[in-house]
Amino acid sequence: MMGWLQSVENSPWSIWLKESPSIWGYPTLLFFHTLGIAFSAGPSVAVDLRILGVARRLPLAPLDAFFKVIWMAVALNAASGAVLFASDATAKLANPAYLVKMTCVLIAVAVTVMIRRRVFRDAAEGVASVDAASRYLALASMILWFGAITAGRLMAYF
């Protein structure tokens, strides 16, 4: 597997991405990845906070519209993250912070799916319901997104 990762890492595209002095290389890709993080974690945390009882006067059901933005941002992160991974695949795969980040992201996405199914299942009728399990999911979501972002930042130091 490491041989395949090294060939991806040594592809002309990956080498250009790493070595390009242009703003169109790595910095632009990193910008899109950061944008994706902001628009996936940000709205997720907004929904989570509302589920946990913040801004109770704000109706919960309309927040279902945030999920379109969240899923588009997750797709942007997956695409930009895959290219960023390819540029330094062997080092990233050996980095424990990367493994923590990816674990947090995958579980956070699964928790987001569970929140949408559990809380917003009747959102089309303007009804959203919150129970204790939904609150635990919301808390887990916030912890996981925080963990993913923190681990992503720590990747540079490991």
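Residues numbered from 1 in each chain as written. Predicted model: local features only at pLDDT ≥ 70, side-chain atom pairs only at ≥ 80, totals over all residues. Heavy atoms only, no water.

**A few points about the overall build of the chain**
Phase 1: In terms of helices and strands, the chain carries seven helices and zero strands.
Phase 2: Mapped from its N terminus to its C terminus, the chain presents α and β elements in the order α-α-α-α-α-α-α.
Phase 3: Principal-axis analysis of the C-alpha atoms gives the chain an extent of 50 × 30 × 25 Å.
Phase 4: For the chain, with 158 residues in total, the buried portion stands at 38%.
Phase 5: Long-range pairs, those at least 24 residues apart, make up 76% of the contacts in the chain between residues at least 6 apart in sequence. (Helix = DSSP H or I, 4+ residues; strand = E, 2+ residues; numbered from the N terminus. Buried < 20%, exposed > 50% of the residue type's maximum accessible area, 1.4 Å probe, protein only. Contact = heavy atoms within 4.5 Å.)

**Observations concerning the environment of Ser87**
Phase 1: In this fold, Ser87 is placed in helix α4 (residues 66-87).
Phase 2: Ser87 sits 81 residues away from Gln6 along the chain, and the two C-alpha atoms are 9.6 Å apart.
Phase 3: What Ser87 contacts, discounting residues up to four positions off in sequence, is Glu9, Ser14, Leu17, Lys18, Tyr26 and Lys92.
Phase 4: Polar side-chain contacts of Ser87 include one of 2.7 Å to the backbone oxygen of Leu84. (Polar contact = N/O pair within 3.5 Å; in protein donor to acceptor, adjacent residues only side chain to side chain.)

**Notes on the packing of aromatic side chains**
Phase 1: Taken as a whole and judged by the stated rule, the model has three aromatic pairs.
Phase 2: On the numbers, 5.5 Å between centres and 65° between planes, the contact of Phe31 with Phe32 is edge-to-face. (Phe/Tyr/Trp six-rings, centres within 6.5 Å; stacked < 30°, edge-to-face > 60°.)

**Focus on the side chain of Asp64**
Phase 1: By the secondary structure assignment, Asp64 is in the loop between α3 (26-51) and α4.
Phase 2: A distance of 2.7 Å separates the side chain of Asp64 from the side chain of Arg116, its partner in a polar contact.
Phase 3: Residue contacts for Asp64: discarding those within four places in its chain leaves Arg116, Phe120 and Ala123.

**Things to note about the nonpolar core**
As a rule of thumb, nonpolar side chains are buried together in soluble globular proteins.
Phase 1: One finds Val47, Ile51, Leu60, Phe67, Ile115, Val119 and Phe120 to be the most contacted residues of the largest nonpolar core, which totals 20 residues.
Phase 2: Of all the secondary structure elements, the ones that give two or more residues to this core are α3, α4, α6 (96-119) and α7 (132-154).
Phase 3: With residues near it in sequence (within four places) discarded, Ile115 still touches Asp48, Ile51, Phe67, Phe120, Leu137, Ala138 and Ser141.
Phase 4: One finds Leu5, Ala97, Tyr98 and Met155 within the second-largest nonpolar core, a separate group that totals six residues. (Core = buried A, V, L, I, M, F, W, Y, C linked by side-chain atoms within 4.5 Å.)

**Points about α3**
Phase 1: With 26 residues, α3 should reach 38 Å at 1.5 Å per residue; the first-to-last C-alpha distance of 37 Å fits that figure.
Phase 2: Every buried residue belonging to α3 is among Thr28, Leu29, His33, Gly36, Ser40, Ala41, Pro43, Ser44, Val47, Asp48, Arg50 and Ile51, and all of these are buried.
Phase 3: In the segment just after α3, Gly53 is the residue with positive phi, at about 110°. (Expected span 1.5 Å × (residues − 1).)

**Digging into the environment of Gly53**
Phase 1: Summarising the element assignment, Gly53 is placed in the loop between α3 and α4.
Phase 2: Along the backbone, Gly53 and Arg135 are 82 residues apart, and their C-alpha atoms lie at a distance of 8.8 Å.

**Concerning unusual backbone geometry**
Phase 1: Unlike most non-glycine residues, Ala55 shows phi in positive territory, near 55°.
Phase 2: Along the polypeptide, Ala55 turns up in the loop between α3 and α4.
Phase 3: Judged by its relative accessible area of 44%, Ala55 is partly exposed.

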